[in-house]
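# Inside the fold
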Amino acid sequence: MNAVLAVRQYVSKMIEDSGPGMKVLLMDRETTGAVSVVYTQSEILQREVYLFERLDSPNREPMKHLKAICFLRPTKENVELLVQELRRPKYSVYFIYFSNVISKSDVKALAEADEQEVVAEVQEFYGDYIAVNPHVFSLNLLGCCRGRSWDPAQLARTTQGLTALLLSLKKCPMIRYQLSSEPAKRLAECVKQVITKEYELFDFRRTEVPPLLLILDRSDDAITPLLNQVTPLPSCVPWQWTYQAMVHELLGINNNRIDLSRVPGISKDLREVVLSAENDEFYANNMYLNFAEIGTNIKNLMEDFQRRKPKEQQKLESIADMKAFVENYPQFKKMSGTVSKHVTVVGELSRLVAERNLLEVSEVEQELACQSDHSSALQSVRRVLQSPRVSELDAARLVMLYALRYERHASNGLPALLDELRARGGTDRYRKLVSAVVEYGGKRVRGSDLFGPKDAVAITKQFLKGLKGIENVYTQHQPLLQETLDQLIKGKLKDSQYPYLGPNTLRDRPQDIVVFLIGGATYEEALAVYNLNRSNPGVRVVLGGTTIHNTRSFLEEVTAAGFRGRSTESSQVPPRSSSRR
């Protein structure tokens, strides 16, 4: 169950099947992203692929000495472009690989266009998704729903991406979905239709315990994407962020690429950097550590670099010295690049934390997410709103968290907080988004109890935790997904809330689980899945989402869904009758 390895193997197979000789890799926008996150350009260059082109690029020159490896999504546009390409081929031979199932009619159209017989192969390699980490994948789709219903084009794309993931991992799963979400049920039905229609493709060797696909809805937990990713520390600093999540929240990660062009005084070669656990040992070892540990490890990395540096720059007085320098220089240069990159990234993160007063902001976030003292929470939010160092986004985010947490509290202070947001100046956009977020993920639409213990055992644990005093102040937020998966792994996830699609159910605890979040996953949830995989031997969980959110992209998701924000009274709409508890 390794998404990165699955796509890497597809790319390797394409290159191997094309045989020896110089090659061009011909892709579209989406497959370019899929390949770039699992293979570096230098790695592919070593495999005799010397040119990377987009199929839709209008100015490609004929190069008959090159073989073309085409990796494309089977869209109408790509098929039409490929038909035009084959009528006037620019390369000597074409090896065509589609990232998903292609129709027979499209294959026929390609065959008819291949009058010069330059096509050597047409295959389906199911890399129709972005493999973010071995246990995390994304479809890079923002705004998948309109209100509470799917956008038809996004539903089709999501179905394709999710079924491609299943095919690449060779899983034919049983399906469960979140009953309170109509989009979850609709996607479950669409995936099942594809599995039924393409039953020969899904005819994998049966396992003793069938794999499971669990489909959830982001609106059931609107808290997690609004929080900074934090881990509690046994020190005077109460909150720190994990490296990967912090980078995405403050700088943004797009297909493993980080845009640093706005960093003050940034050098030209560091305006865009790549953070990939597959090709960056430091990042792989530190992506799930908290920021304080990263600082220490950066220092150790620099000291190691300094120790090696004099040896590499010593005088070259003999042939043996020159040979040793040539052999070690690539490793030294790579280490130099790693040091520069991470020092720059960590330095910018530190600057933003101080500039935006994020330590105080994040402590109040955790109080809102984990505590239930309304009076204290309201005072904390008001205190932070009065700070001129706190950005408009961070101030609005705290009000959003308050609005979700105390939506129906008898002493709800939301109108006053909205007035304080207005008094800070800025635009009306964020104030309107407060009620939009409540409309998107408030109590009226949630299928689970996001803020309270769900059974007697949980209530007892919370009570005992409260007796410990100071430790309760630093309770760390845990995403709803963590509890859902924990219940699933233990065989306790209620069928009444997460029914199976179809008559069959699992008798045993699941072992191979794909969980998919409509509306986007987060790196906090990715960390939860990573830890679940480590602490449950024999259980393998892969997390996917229509996208991977930070706060800004989540608010774009809410806006794209059509939740523009109503009056604050909208949060008082009585709950709809349903099977939700």
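Just above, that's the structure.
Computed from a prediction, not measured in an experiment: that's the story for all the values here.

## Here we look at the overall build of the chain
Looking only at helices and strands, the chain has 21 helices and 19 strands in total. Look at the contacts in the chain between residues 6 or more apart in sequence, and 82% of them connect residues 24 or more apart. For the chain, the computed accessible surface area is about 27400 Å², with 50% contributed by carbon and sulfur atoms.

## With respect to the nonpolar core
Within the largest apolar cluster, 158 residues are counted, with the highest numbers of intra-cluster contacts made by Tyr-129, Ile-215 and Leu-485. Of the residues forming this core, the biggest block, 10 residues, is contributed by helix 14 (residues 392-405). Apart from the residues within four sequence positions on either side, Tyr-129 is in contact with Ala-3, Ala-6, Val-7, Ala-34, Phe-137, Ser-138, Leu-139, Gly-161, Ala-164, Leu-165 and Ser-168. Within the second largest apolar cluster, 19 residues are counted, among which are Val-24, Tyr-91, Ala-113 and Val-118.

## Structural notes on the packing of helix 12 (residues 358-370) against helix 13 (residues 374-385)
Helix-helix packing is characterised by the crossing angle of the two axes and by the distance between the axes. Look at helix 12 against helix 13: their axes get within 10 Å of each other, and the N-to-C directions meet at 155°. Between helix 12 and helix 13, the angle falls in the class roughly antiparallel. Here helix 12 and helix 13 pass one another in a crossing that is left-handed. Judged by residue contacts, Glu-360, Val-361, Val-364, Glu-367 and Leu-368 of helix 12 engage Ser-376, Ala-377, Ser-380, Val-381, Arg-383 and Val-384 from helix 13.

## Description of the packing of aromatic side chains
What the rule picks out here adds up to 11 aromatic pairs. Taken together, the ring pairs connect Tyr-10, Tyr-97 and Phe-125 into an aromatic cluster. Positioned above the aromatic ring of Tyr-39, the side-chain terminus of Arg-8 is 4.1 Å from the ring centre.

## Examining the pattern of salt bridges
A side chain of one charge can pair with a side chain of the opposite charge if their charged atoms are brought near each other. One pass over the structure, following the stated rule, counts 31 salt bridges. One salt-bridge network, in which partners are shared between bridges, spans Glu-249, Arg-356, Glu-365, Asp-394 and Arg-397.

## Things to note about helix 16 (residues 429-441)
The end-to-end C-alpha separation of helix 16 is 18 Å, in line with the 18 Å expected for 13 residues at 1.5 Å each. Counting buried positions over the 13 residues of helix 16 gives 11, a clear majority of the element. Looking at helix 16, one finds that the buried residues are Tyr-430, Arg-431, Leu-433, Val-434, Ser-435, Ala-436, Val-437, Val-438, Glu-439, Tyr-440 and Gly-441.

## Quick look at the sheet that holds strand 5 (residues 119-124)
The strand order 2-1-3-4-5 describes an open sheet built from five strands, whose pairing is parallel. Every other strand in the sheet has two partners, leaving strand 2 (49-54) and strand 5 as the edge strands with one partner each. Ignoring strand direction, the axes of neighbouring strands in this sheet form an average angle of 15°. Of the pairings in the sheet, the one linking strand 1 (residues 23-27) to strand 2 comprises five bridges and is parallel in character. Bridge pairing links Leu-25 to Phe-52 in strand 2. Each of strand 1, strand 2 and strand 3 (67-72) touches helix 2 (residues 29-36); the most contacted strand, strand 1, lies at about 120° to it.

## Examining the pairing of strand 16 (residues 512-518)
Where a strand is regular, its side chains alternate between the two sheet faces. Judged by how many residues are buried, strand 16 sits mostly within the fold: seven of seven residues are covered. Where burial is concerned, the two faces of strand 16 agree: the one with Asp-512, Val-514, Phe-516 and Ile-518 and the one with Ile-513, Val-515 and Leu-517 are both buried. By the bridge criterion, six bridges tie strand 11 (residues 212-217) to strand 16 in an arrangement that is parallel. Residue pairing across strands places Leu-212 opposite Ile-513, the latter belonging to strand 16.

## A short note on the packing of helix 13 against helix 15 (residues 414-423)
Viewed as axis vectors pointing N to C, helix 13 and helix 15 meet at an angle of 10°, and their least axial separation amounts to 10 Å. With respect to each other, helix 13 and helix 15 are oriented roughly parallel. Facing helix 13, whose interface residues are Leu-378, Val-381, Arg-382 and Leu-385, helix 15 presents Ala-416, Leu-417, Glu-420 and Leu-421. For the contact of helix 13 with helix 15, the class distribution of residues is six nonpolar, no polar and two charged.

## Looking at the sheet that holds strand 16
In space, the six strands of this open sheet follow the order 6-7-18-16-11-10, with mixed pairing throughout. The open sheet terminates on both sides in strands that have one partner only, identified here as strand 6 (130-133) and strand 10 (174-177). Neighbouring strand axes in the sheet, compared pairwise and without regard to direction, differ in orientation by 25° on average. Sheet topology places strand 10 next to strand 11; four bridges connect them, and they run parallel. The residue bridging Met-174 from the neighbouring strand is Leu-212, located in strand 11.

## Quick notes on the side chain of Lys-23
With respect to the helices, strands and loops of the structure, Lys-23 is situated in strand 1. Polar side-chain contacts of Lys-23 include one of 2.8 Å to the backbone oxygen of Gly-21. Other than its neighbours up to four places away in sequence, Lys-23 contacts Ile-15, Ser-18, Arg-47, Glu-48, Val-49, Tyr-50, Leu-51, Leu-66, Lys-67 and Ile-69.

## Observations concerning the environment of Tyr-530
Following the sequence through the fold, Tyr-530 ends up in helix 20 (residues 523-535). Its relative accessible area of 28% is what places Tyr-530 among the partly exposed residues. Once the C-alpha coordinates of Tyr-530 and Val-542 are considered, the two residues, 12 residues apart in sequence, prove to be 8.9 Å apart. In contact with Tyr-530, other than residues within four places in its own chain, are His-135 and Tyr-288.

## A short note on a nonpolar patch on the surface
Side chains of Met-22, Leu-45 and Tyr-50 sit close together on the surface and give an oily, nonpolar patch of about 270 Å² of accessible area. Relative to the assigned elements, Tyr-50 resides in strand 2.

What counts and what doesn't
- Residues numbered from 1 in each chain as written.
- Predicted model: local features only at pLDDT ≥ 70, side-chain atom pairs only at ≥ 80, totals over all residues.
- Heavy atoms only, no water.
- Helix = DSSP H or I, 4+ residues; strand = E, 2+ residues; numbered from the N terminus.
- Contact = heavy atoms within 4.5 Å.
- Areas by Shrake-Rupley, 256 points an atom, 1.4 Å probe, with all protein chains shown as cover.
- Core = buried A, V, L, I, M, F, W, Y, C linked by side-chain atoms within 4.5 Å.
- Buried < 20%, exposed > 50% of the residue type's maximum accessible area, 1.4 Å probe, protein only.
- Axes fitted to C-alpha atoms, helices over the stretch in contact; angles between N-to-C directions.
- Parallel < 35°, antiparallel > 145°, perpendicular 65-115°, else oblique.
- Left-handed = near helix turned anticlockwise from the far one by under 90°.
- Phe/Tyr/Trp six-rings, centres within 6.5 Å; stacked < 30°, edge-to-face > 60°.
- Lys NZ or Arg CZ within 6 Å of the ring centre and 35° of its normal.
- Salt bridge = Lys/Arg side-chain N within 4 Å of Asp/Glu carboxyl O.
- Expected span 1.5 Å × (residues − 1).
- Pairing = 2+ DSSP bridges.
- Nonpolar A, V, L, I, M, F, W, Y, C, P; charged D, E, K, R; others polar.
- Polar contact = N/O pair within 3.5 Å; in protein donor to acceptor, adjacent residues only side chain to side chain.
- Patch = residues over 30% accessible without salt bridge, like charges linked within 9 Å, V, L, I, M, F, W, Y side chains within 5 Å.

Worth remembering: the numbers are spatial, not functional.
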